[in-house]
Amino acid sequence: MIKSRIISTGSYLPERVLTNFELEKMVDTSDEWITERTGITERRIATENQAASDLAYEASKVTLKRAALGIEDIDLIIVATVTGDMPFPSTGCILQDKLGAKYATAFDINAACSGFLYGLYIADGLIRSGMHKRILIVGTEVLSKITDWKDRTTCVLFGDGAGAVIVEPTEEDRGIISMYINSDGSMWDLLHMPGGGSRNPASRDSVDKRLHYVKMKGNELFKVAVRTLEDLVVKILNENNLKPSQLSLLIPHQANLRIIQATADRLGIPMNKVIVNLDRYGNTSAASIPIALDEAARTGRIRDGDYILLEAFGGGLTWASALIKW
Ligand code: ACO
């Protein structure tokens, strides 16, 4: 049976590092509060001139090079982002132009922090159905540009970055074993950006009211996230007759170390089997899982035949998981 398999990974992080100590000078916060409540010590910030497609381009180039492929080998580009270059056209189309991807089609996914896994889910279906042969999936975010740098409850959390993978068909006993995507729109207001769309178009008033920034009810999200992520992991493992102890690695969305630890604890997965990089990058939304996956693959933390589990939770609300035999 045809399955899809990730054959290459890559990532790009902007050079500028913003530390908790610098944030102490910007808002009423402390390194101690941020580290204890979130696990984050620093994050990367894009330059004034860098947009989501620029970060995506860098991550894509590395991913293609590692796969020893040219852009003409790619027939679909899926970009997951909530910080696209502009409302339209899609960042996928802008990336397509930058890469010179003449033989590909491109589009965007908006599922906040779950966006990369939504993209992988669509790619997996299209590969298994035979409709596409080689798909580039990129999670890219420049959250620093929609962050309210006067709001201490959100500005300490986010960072910029991009991660990418290429998937292709395989008949081997490996690849994406199963995936789930879910959403619950009844809680959309827990995490959103009110301005800039057709509800609150950009105006002097919308800018004065600071509507073009992320609004988050962090504490409520935290509780839903922990509950949902445990159920999500248990469901996908049960349906594949696997126990948590059979996983070699858990690669969670990097929102908060306490959420990651609570999920791992509830499942009995030791933290040495969990990828954590939010201390260095903060929450990069749709980019967080492909960046973490790339780091894990490059540092030898994933070996052929390993079972790994990717899971994400974010605005929408949305959540998703992928069980992979590497
Ligand atoms: N520095 C100092 N104090 C702060 C800061 C700060 N940066 N931020 C908030 N506080 C204060 C609050 O004002 C509050 O003070 P009070 O008790 O006097 O009212 C106190 O700290 C506690 O605030 P809480 O919001 O209850 O803190 P909590 O422990 O919940 O941590 C956090 C907040 C880190 C945001 C956490 O709730 C969280 O991580 N939530 C989930 C985020 C998430 O998963 N998002 C989804 C994915 S993101 C995406 O989709 C883009």
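Everything numeric here is computed off the predicted structure, so don't read it as measured data.

Description of unusual backbone geometry
Working step 1: The omega angle of the peptide bond from Phe 88 to Pro 89 is 5°, so this bond is cis rather than trans.
Working step 2: Relative to the elements of secondary structure, Pro 89 occurs in the loop between β4 (76–80) and α4 (91–99).
Working step 3: Each neighbour pair has its own omega, and for Gly 316 with Leu 317 the value is -10°, a cis peptide bond.
Working step 4: As for its position among the elements, Leu 317 is in the loop between β12 (307–314) and β13 (318–325).
Working step 5: A positive phi angle is found at Ala 68, which is not glycine, with a value near 55°.
Working step 6: Looking at the element boundaries, Ala 68 is found in the loop between α3 (52–66) and β4.
Working step 7: Unusually for a residue other than glycine, Asn 241 sits at a positive phi of about 50°.
Working step 8: Within the fold, Asn 241 resides in the loop between α8 (218–239) and β11 (249–252).

Points about the nonpolar core
Working step 1: In terms of nonpolar packing, the biggest core is built from 35 residues, with Leu 117, Leu 120, Ile 251 and Leu 310 touching the most fellow members.
Working step 2: With residues up to four places along the chain from it excluded, the contact list for Leu 310 reads Leu 117, Leu 120, Ile 251, Ile 289, Leu 293, Ala 320, Ser 321, Ala 322 and Ile 324.

With respect to the site of the ligand
Working step 1: What surrounds the ligand is a group of 27 residues, the closest being Thr 29, Arg 37, Cys 113, Arg 152 and Asn 256.
Working step 2: Measuring from an oxygen atom of the ligand, one finds a side-chain N or O atom of Arg 37 at 2.7 Å.
Working step 3: The contact in question runs from an oxygen atom of the ligand to an N or O atom on the side chain of Asn 256, over 2.7 Å.
Working step 4: Against a free-state accessible area of 1,000 Å², the protein chains account for coverage of 75% of the ligand.
Working step 5: For the shell around the ligand, the elements supplying multiple residues, two or more each, are α2 (31–38), α6 (152–155), α8, α9 (257–267) and β12.
Working step 6: When grouped by side-chain class, the residues that make up the shell around the ligand number 12 nonpolar, 11 polar and four charged.
Working step 7: Two domains share the shell around the ligand, each providing at least three of its residues, namely domain 1 (3–173) and domain 2 (177–325).

Notes on the pairing of strand β1 (residues 3–12)
Working step 1: Burial within β1 is extensive, with seven of its 10 residues counted as buried.
Working step 2: In this structure, β1 lies alongside strand β7 (residues 160–170), joined through nine bridges in antiparallel fashion. Along β7, the bridge assignment pairs Gly 10 with Ala 164.

Description of the packing of α8 against α9
Working step 1: α9 packs onto α8 with a crossing angle of 40° between their chain directions and a minimal axis gap of 9 Å. Comparing their axes, α9 and α8 come out oblique. Relative to α9, α8 is oriented so that their crossing is right-handed. Contact with α8, carried on its side by Phe 222, Ala 225, Val 226, Leu 229, Glu 230, Val 233 and Val 234, involves Arg 258, Ile 259, Ala 262, Thr 263, Arg 266 and Leu 267 of α9 and no other residues of that element.

As for the side chain of Asp 31
Working step 1: Here Asp 31 is to be found in helix α2.
Working step 2: Here the side chain of Asp 31 touches Asn 20 through a polar contact of 2.9 Å, side chain to side chain.

Notes on the pattern of salt bridges
Any two side chains of opposite charge can pair if their charged atoms end up close together.
Working step 1: Throughout the structure, instances matching the rule amount to 17 salt bridges.
Working step 2: Among the salt bridges present, the one from Lys 217 reaches Asp 189, with a minimum N-O distance of 3.2 Å. With Lys 217 in the loop between β10 (215–216) and α8 and Asp 189 in the loop between β8 (175–183) and β9 (191–192), this residue pair connects regions lying 28 residues apart in the sequence.
Working step 3: The class for Lys 217 is partly exposed, based on a relative accessible area of 37%.
Working step 4: With a relative accessible area of 28%, Asp 189 lands in the partly exposed category.
Working step 5: The network of salt bridges with shared partners includes Arg 66, Asp 294 and Arg 298.

Describing the sheet that holds β8
In any sheet, the strands associate via hydrogen bonds between backbone groups, in a parallel or an antiparallel arrangement.
Working step 1: The strand order across the open sheet formed by four strands is β8-β13-β12-β11, and the pairing between neighbours is mixed. Each edge of the open sheet is held by one strand with a lone partner, namely β8 and β11. On average, each strand axis in the sheet is inclined to that of its neighbour by 10°, with strand direction left out of account.
Working step 2: Contacting β8, β12 and β13, α8 runs over the sheet at an angle of about 150° to β12.

What about the domain arrangement of the protein?
Working step 1: Entries for the protein in the domain assignment read domain 1 (3–173) and domain 2 (177–325).
Working step 2: One C-alpha centre belongs to domain 1, the other to domain 2, and the line joining them spans 14 Å.
Working step 3: Facing the 47 residues of domain 1 at the interface are 45 residues of domain 2.
Working step 4: Counting each side, the surface lost to burial between domain 1 and domain 2 is near 3,700 Å², with a carbon and sulfur contribution of 64%.

Cut-off values and rules
Residues numbered from 1 in each chain as written. Predicted model: local features only at pLDDT ≥ 70, side-chain atom pairs only at ≥ 80, totals over all residues. Heavy atoms only, no water. Helix = DSSP H or I, 4+ residues; strand = E, 2+ residues; numbered from the N terminus. Core = buried A, V, L, I, M, F, W, Y, C linked by side-chain atoms within 4.5 Å. Buried < 20%, exposed > 50% of the residue type's maximum accessible area, 1.4 Å probe, protein only. Contact = heavy atoms within 4.5 Å. Near = heavy atom within 4 Å. Polar contact = N/O pair within 3.5 Å; in protein donor to acceptor, adjacent residues only side chain to side chain. Areas by Shrake-Rupley, 256 points an atom, 1.4 Å probe, with all protein chains shown as cover. Nonpolar A, V, L, I, M, F, W, Y, C, P; charged D, E, K, R; others polar. Domains from an automatic or database assignment. Pairing = 2+ DSSP bridges. Axes fitted to C-alpha atoms, helices over the stretch in contact; angles between N-to-C directions. Parallel < 35°, antiparallel > 145°, perpendicular 65-115°, else oblique. Left-handed = near helix turned anticlockwise from the far one by under 90°. Salt bridge = Lys/Arg side-chain N within 4 Å of Asp/Glu carboxyl O. Buried area = accessible area lost by both parts, 1.4 Å probe.

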